[in-house]
Amino acid sequence: MYMKNLKKILENRKFVREKIPLIHAITNPIAINMVANSILFQGAKAICAECEDEMEEIVKISDSLSINLGNITNSRLKAMEIATKFANEKNIPVIMDVVGVGASKIRLDFAKNLLEKYKFEVIKGNSSEILSLCGEKSHAKGIDAGDEDEVSDKNIKYFTEISQKLSKKYKTTVLITGKTDILLKDDKYFLFENGCDNLSKITATGCMLTGLISTFLSVSNPIDASILALLILEISGEISDTKKPYSFFVNLMDNISEISDEEIIKRAKIREGNL
C-alpha cells in the first residue's frame, strides 16, 4: 500500500532543507504572515510578490508557485494569471487554492478560465468550493463550506467521483479539505482524518496548507507533497489543541516547525481507495 512509503515521503522535509527552494506565494493579505512563516519553518524561502510588472522576474527565480483567490483585487487577479503563465513556461509546479469560488461569480469564472488555459499540479478547495467548480449545487458560506456539503462516509463516493472528473479533465491532483480530506488523482484517492476543530476557528490555516503543499511541490510530486503538508498541519493541530484560540495558534506555528517524523508516523490516519 502507498502509505507504507510514508517514511520515504517524509524524506522530502530533508530535501527542502537541503535545497532551500524559493516559494512564490500570491496569497491574500489576511494570510501573508502565516503563509510565509509556514514556508520558512520548513527550511524554504518565501516571497509573496503580487506586483504584475515584476511577475516574470520573480517567477523565473522561484521553484514553485501558489495562487490563492482569497480577498481578490483586479490587480492581484492579473498578477496571478501572469505568474501562472510564466510558471508554465518555466515548468515550475503551480497550486491553485480556489478560495470563495462558491461565493462569487468572478472568482468562479477566473478559476475556470485559468484551468482551461494553464497547467496546475494541484487544485485545492473545501467541499463547497469543489462542488461549485464542478458545476454542482453548493451551500458555501462565504469562503467556508456549508454544513450540507460536509464530506462524510455517506457521500465519499459522490465527492470522489466528481473530483475524478475534475482531475481527469484538467490532468491534475484534486484536494478537498474538511473534517475528512480527500486527495485524488485519476483513479486513486486518499482520505485523511487528522486535525481538530480549532484549525477551522482561526484564520489562514487553509492558506498555510496551500503554502506548505507548494513548498513540498518544489522537491516532490503532487500526491507526496499534499500528503506531507496535510499531515504536518493537521497533526500539529492535534498536539497543539487547547481551548484558548490564540494559544492554539502560537502552539500550532511552533509545532509546524518542530514536529518530528516519528510523531507524524504514529498519528497519521489515512485510508486509501480506488475508483
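All of these numbers come straight from a predicted model, not from anything done at the bench. Starting from 1, residues in each chain are numbered consecutively following that chain's sequence as written. Predicted model: local features are reported for residues with pLDDT of at least 70 only, side-chain atom pairs are reported and counted for 80 or more only, and whole-chain, interface and lining totals are derived from all residues. Excluded from the side-chain calculations are hydrogens and water; all other atoms, namely the structure's heavy atoms, are used.

Draft legend 1. A look at the overall build of the chain. When helices and strands are tallied, the chain shows 11 helices and 9 strands. All radius of gyration figures rest on C-alpha atoms, and the globule criterion is 2.2 Å times the number of residues raised to 0.38. Here the C-alpha radius of gyration of the chain, 17 Å, is about what a compact globule of 275 residues would show, namely 19 Å. Along the three orthogonal principal directions, the C-alpha set of the chain runs to about 45 × 40 × 40 Å. Exposed residues in this analysis have more than 50% of their type's maximum accessible area, buried residues have under 20%, and partly exposed residues fall in between, with area computed by a 1.4 Å probe over protein chains only. A burial count over the chain gives 55% of its 275 residues as buried. Put simply, of all contacts in the chain between residues at least 6 apart along the chain, 70% involve residues at least 24 apart. Per-residue and other accessible areas follow the Shrake-Rupley method at a 1.4 Å probe size, with only the shown protein chains counted as cover for residues. Looking at the chain as shown, the accessible area adds up to about 12,100 Å², and 49% of this sits on carbon and sulfur atoms. The sign given to each residue is positive for Lys and Arg and negative for Asp and Glu; His and the chain ends receive no count. A charge is said to be at NZ when it belongs to Lys, at CZ for Arg, at CG for Asp and at CD for Glu. Within the chain, the 39 negative side-chain charges are centred at a point lying 3 Å from the centre of the 37 positive side-chain charges. The helix and strand labels rest on DSSP assignments: H or I over at least four residues marks a helix, E over at least two residues marks a strand, and numbering proceeds from the N terminus. For this analysis, residues touch if any pair of their heavy atoms sits within 4.5 Å.

Draft legend 2. Molecular detail of the nonpolar core. If you look at the biggest cluster of nonpolar residues, it comprises 46 residues, and the most contacted ones within it are Phe192, Ile213, Ile227, Leu231, Leu233 and Leu252. Where this core is concerned, the elements lending two or more residues are helix H1 (6-19), strand S1 (22-26), helix H2 (32-40), strand S8 (188-192), helix H8 (205-217), helix H9 (222-240) and helix H10 (245-258). Tallying contributions element by element places H9 first for this core, with 10 residues. Sequence-distant contacts of leucine 233, that is, excluding residues within four places in its chain, are made with Leu199, Thr205, Met208, Leu209, Leu212, Leu252 and Ile256. By convention a nonpolar core is built from buried Ala, Val, Leu, Ile, Met, Phe, Trp, Tyr and Cys residues, the set being connected through side-chain atoms within 4.5 Å. Residues Phe110, Phe120, Ile162 and Leu166 belong to the second largest nonpolar core, which totals 43 residues.

Draft legend 3. Here's a closer look at the environment of arginine 107. Within the fold, arginine 107 resides in helix H5 (residues 105-117). Counting along the chain gives 30 residues from arginine 107 to leucine 77, while the straight-line C-alpha distance between them is 9.2 Å. Among residues more than four places away in sequence, those in contact with arginine 107 are Leu69, Gly70, Asn71, Ile72, Val99, Gly100, Val101 and Ile143. We call two N or O atoms a polar contact when they sit within 3.5 Å, provided that within protein one can donate a hydrogen and the other can accept it, with sequence-adjacent residues counted only if both atoms are side-chain atoms. Of note is the side chain of arginine 107, whose polar atom sits 2.8 Å from the backbone oxygen of leucine 69.

Draft legend 4. Summary view of the UniProt feature "binding site: substrate" (unreviewed entry) in the chain. UniProt positions are given in the numbering used here, feature names are shortened, and annotations may be inferred rather than shown by experiment. In the UniProt entry, the feature "binding site: substrate" (unreviewed entry) is given for Ala204. Secondary-structure assignment places alanine 204 in the loop between S8 and H8. If we skip the residues at most four places from it in the chain, alanine 204 touches Ala31 and Met34.

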